[in-house]
Number of protein chains: 2
Amino acid sequence: MRIDMQETANLLRQKNNILFLCHKHPDGDTLGSASSLAHALTAMGKTVRIECNDPIPKDFSFMFEGIENPPFEPEFVVSIDVADTKLLGNELEEKYADCINLCIDHHSSNILYAEKIFLDSNSASTAEMIYLLLGELNAEITPLIASCLFTGVSTDTGCFRFSNTTVRTFEIASKLAALGADTYNIIQVFFETKTKTYAALERLALDSMRFYFSDRCALICVTQDMYEKSGSNESETDKLANLPRQVEGVLVGITMRELKDGGFKASVRTHGDIDASEICKRLGGGGHKGASGCTLCGTKQQAINALLKEVEAEIDVYRID
Amino acid sequence: MRIDMQETANLLRQKNNILFLCHKHPDGDTLGSASSLAHALTAMGKTVRIECNDPIPKDFSFMFEGIENPPFEPEFVVSIDVADTKLLGNELEEKYADCINLCIDHHSSNILYAEKIFLDSNSASTAEMIYLLLGELNAEITPLIASCLFTGVSTDTGCFRFSNTTVRTFEIASKLAALGADTYNIIQVFFETKTKTYAALERLALDSMRFYFSDRCALICVTQDMYEKSGSNESETDKLANLPRQVEGVLVGITMRELKDGGFKASVRTHGDIDASEICKRLGGGGHKGASGCTLCGTKQQAINALLKEVEAEIDVYRID
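Residues numbered from 1 in each chain as written. Chains lettered and ligands numbered in written order. Predicted model: local features only at pLDDT ≥ 70, side-chain atom pairs only at ≥ 80, totals over all residues. Heavy atoms only, no water.

## Comments concerning the overall build of chain A
When helices and strands are counted, chain A shows eleven helices and eleven strands. Expected size for 321 residues packed as a compact globule is a radius of gyration near 20 Å; at 20 Å, chain A falls within 12% of this value. Its C-alpha atoms put chain A at 60 × 40 × 40 Å along the principal axes. Per-residue burial for chain A yields a buried fraction of 57% across its 321 residues. Restricting to contacts in chain A with at least 6 residues of sequence separation, those with at least 24 account for 67%. (Helix = DSSP H or I, 4+ residues; strand = E, 2+ residues; numbered from the N terminus. Rg over C-alpha atoms; globule rule 2.2 N^0.38 Å. Buried < 20%, exposed > 50% of the residue type's maximum accessible area, 1.4 Å probe, protein only. Contact = heavy atoms within 4.5 Å.)

## Looking at the packing of aromatic side chains
The full count for this structure, using the stated rule, is eleven aromatic pairs over all chains. Measuring from centroid to centroid gives 5.0 Å for Phe60(A) and Phe190(A), while their planes differ by 20°, and the two rings are stacked. Taken together, the residues Phe60(A) in the loop between β2 (48-51) and β3 (76-80) and Phe190(A) in helix α7 (residues 183-191) connect sequence positions 130 residues apart. The exposure classification of Phe60(A) matches that of Phe190(A), with both residues buried. Among the aromatic residues, those joined into a cluster by ring pairs are Phe150(A), Phe160(A), Phe170(A), Phe150(B), Phe160(B) and Phe170(B). Above the plane of the ring of Tyr198(A) lies Lys239(A), whose end atom (NZ or CZ) is 5.9 Å from the centre. (Phe/Tyr/Trp six-rings, centres within 6.5 Å; stacked < 30°, edge-to-face > 60°. Lys NZ or Arg CZ within 6 Å of the ring centre and 35° of its normal.)

## Some details on the interface of chain A and chain B
At the interface, 36 residues of chain A touch 35 residues of chain B. For the pair chain A and chain B, the summed buried area comes to about 3,500 Å², and 56% of that belongs to carbon and sulfur atoms. Looking at the side of chain A facing chain B, the largest losses of area belong to Arg161(A), Phe170(A) and Gln246(A), adding up to 22% of the total buried there. Taken together, the connections running from chain A to chain B amount to six salt bridges. Summed over the shared surface of chain A and chain B, the result is 16 residue pairs in polar contact (both at pLDDT 80 or more). (Buried area = accessible area lost by both parts, 1.4 Å probe. Salt bridge = Lys/Arg side-chain N within 4 Å of Asp/Glu carboxyl O. Polar contact = N/O pair within 3.5 Å; in protein donor to acceptor, adjacent residues only side chain to side chain.)

## Points about the packing of helix α4 (residues 126-136) of chain A against helix α5 (residues 143-155) of chain A
Describing two packed helices takes the angle between their axes plus the distance from one axis to the other. Residues and elements named next belong to chain A. Look at α4 against α5: their axes get within 8 Å of each other, and the N-to-C directions meet at 145°. Along the contact surface, α4 presents Ala127, Glu128, Ile130, Tyr131 and Leu134, while α5 presents Ile145, Leu149, Gly152 and Val153. Split into classes, the residues belonging to the contact of α4 with α5 amount to seven nonpolar, one polar and one charged. (Axes fitted to C-alpha atoms, helices over the stretch in contact; angles between N-to-C directions. Nonpolar A, V, L, I, M, F, W, Y, C, P; charged D, E, K, R; others polar.)

## Details of the sheet that holds strand β4 (residues 102-105) of chain B
Residue and element names in this part refer to chain B. The sheet built from five strands is open, its strands ordered β2-β1-β3-β4-β5 with parallel pairing. With partners counted over all chains shown, the strands left at the sheet margins are β2 (48-51) and β5 (116-119), one partner each. Shown here is a sheet whose adjacent strand axes are inclined to one another by a mean of 20°, direction ignored. Summarising the sheet, β4 and β5 pair through four bridges and their orientation is parallel. Looking across to β5, one finds that isoleucine 104 is bridged to phenylalanine 118. On top of the sheet, helix α4 (residues 126-136) reaches β3 (76-80), β4 and β5; it is set at about 115° to β4, its chief contact. (Pairing = 2+ DSSP bridges.)

## With respect to the sheet that holds strand β4 (residues 102-105) of chain A
All names here are of chain A. As summarised here, the arrangement of the five strands in space is β2-β1-β3-β4-β5, forming an open sheet in which the pairing is parallel. Two strands lie at the open edges of the sheet, namely β2 and β5 (116-119), each paired on one side alone. On average, each strand axis in the sheet is tilted by 20° relative to the strand beside it, whichever way the strands run. As paired strands, strand β1 (residues 18-21) and β2 are joined by four bridges and run parallel to one another.

Shown next, in the form of structure tokens:
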């Protein structure tokens, strides 16, 4: 059942011993949203815990300062920024998939698995929704909470560069900055810092860029061999996803990453009216209109062919002008 | 004589036939600030003209829609975002250097050459000052003016990533977005688009990256040879300036560009407390604390040595920890 912000706030007010679930391979939005809500509800006297299937990357550890994550039998289970129970990861999915009371999310691809869902697919990030929800709860937004939320707001919009960025995104960013979010350092860490190994990997990846459909599609393929040569690894590949689309005239940018056990993960980024989630859905994946992903089996060439076939179907109408 | 925003507004209200001067090699801030002021004053019934020593790059041409630039003998000459009369370029410097009535600028390195100066060196861009000035003038901020200003606000802060970005920057960005600035397309054009030739140049430039002072300084050198190989040219090198500083642990990032007639232009970008303008001032250049520039004579190695000597003096205190 879909519910609105006010009902969501009412539910949270009524409950205690609340468990927040983040998605696997956690990012700034799922962690920033869950941690800010956890901080605010703790300050309201509630007992809360955050669980995530994967370890928290060190760049996000600042968010959890003061969060004690005590053991308790959850009275209320809330998934945050999780579009599908599959995205909880094996362990959490097994444990909680059937008993999620509330989902707070902004993915249009959300499969509506939770008992109640507060979904705003026009929101650039779940963190934007949480910012407004904290207002509804009359919760104090401390500088730490502002930083958690700003991390979600900025990372899910590629630092205000993606097409999901709205007037509201800028307004909330400015409010969070005024509330003491450490905007400069957050942006430095997530957008202006490359490890030396990543910088080396990026050069190799850029060298692999190939163009298709009269240069309207660009594709890079990151191989296991490149990880070895650069000293980098899969954990550093997120930022590569935006590179192909940056080339002038490119409408569909694809970044493929060879998996250890065979097959490829593909990130698809599009411009304008081309729907990346349509391309990825037909290959078993999903996501947003401008940014989606899927996993492909077979050889590199088979994976490329499968992707290009779906890209062609979407890009076709734009080939005339 | 330093004057404040109110006096600046009063002066502009009193005058007519106003000439705005931009700096040479014009950027989003000098052009966005001058054009938005020109639009607003034209709407107030005044006759205005904008002059710039160099042609307006095509990405900025949208700013000048409706600006007629009629010929007239200027009653009032206003330089915008011009820290030094030298930066007007030869032709404009010769014509106007001695008769500039007002300078509106945010560079701390401003040499105070104008009769009156409205200077706010805490402002991330001149465009931020113009936004507030238009409020003081009770001028209507149309969507086009909002776009001109947003271009200045975003380009001078590296899209909100540089250390000059403040709470006020975010607030003004959100106001401009709400007033109809075409934020998405502006950011795409100036930050998320690379020509194929630039992408090729960037790869060559990254390959030239070398590290000094225990990896706290990174330097890339763009040669004439690289322009030939990539099909690119000097006009596409602005974005390269931020790349060396992005590598983790780098406090001083330097991008050198070989000039056609010999010598090198260097862009210096710093993190934290290291003052790029100190490094560049001692080499005859200047700029901001986090972003400055200078020109060097001699061979590539001589230019590198000269730069590293000054970097060492600034970075020295940070070598202990």
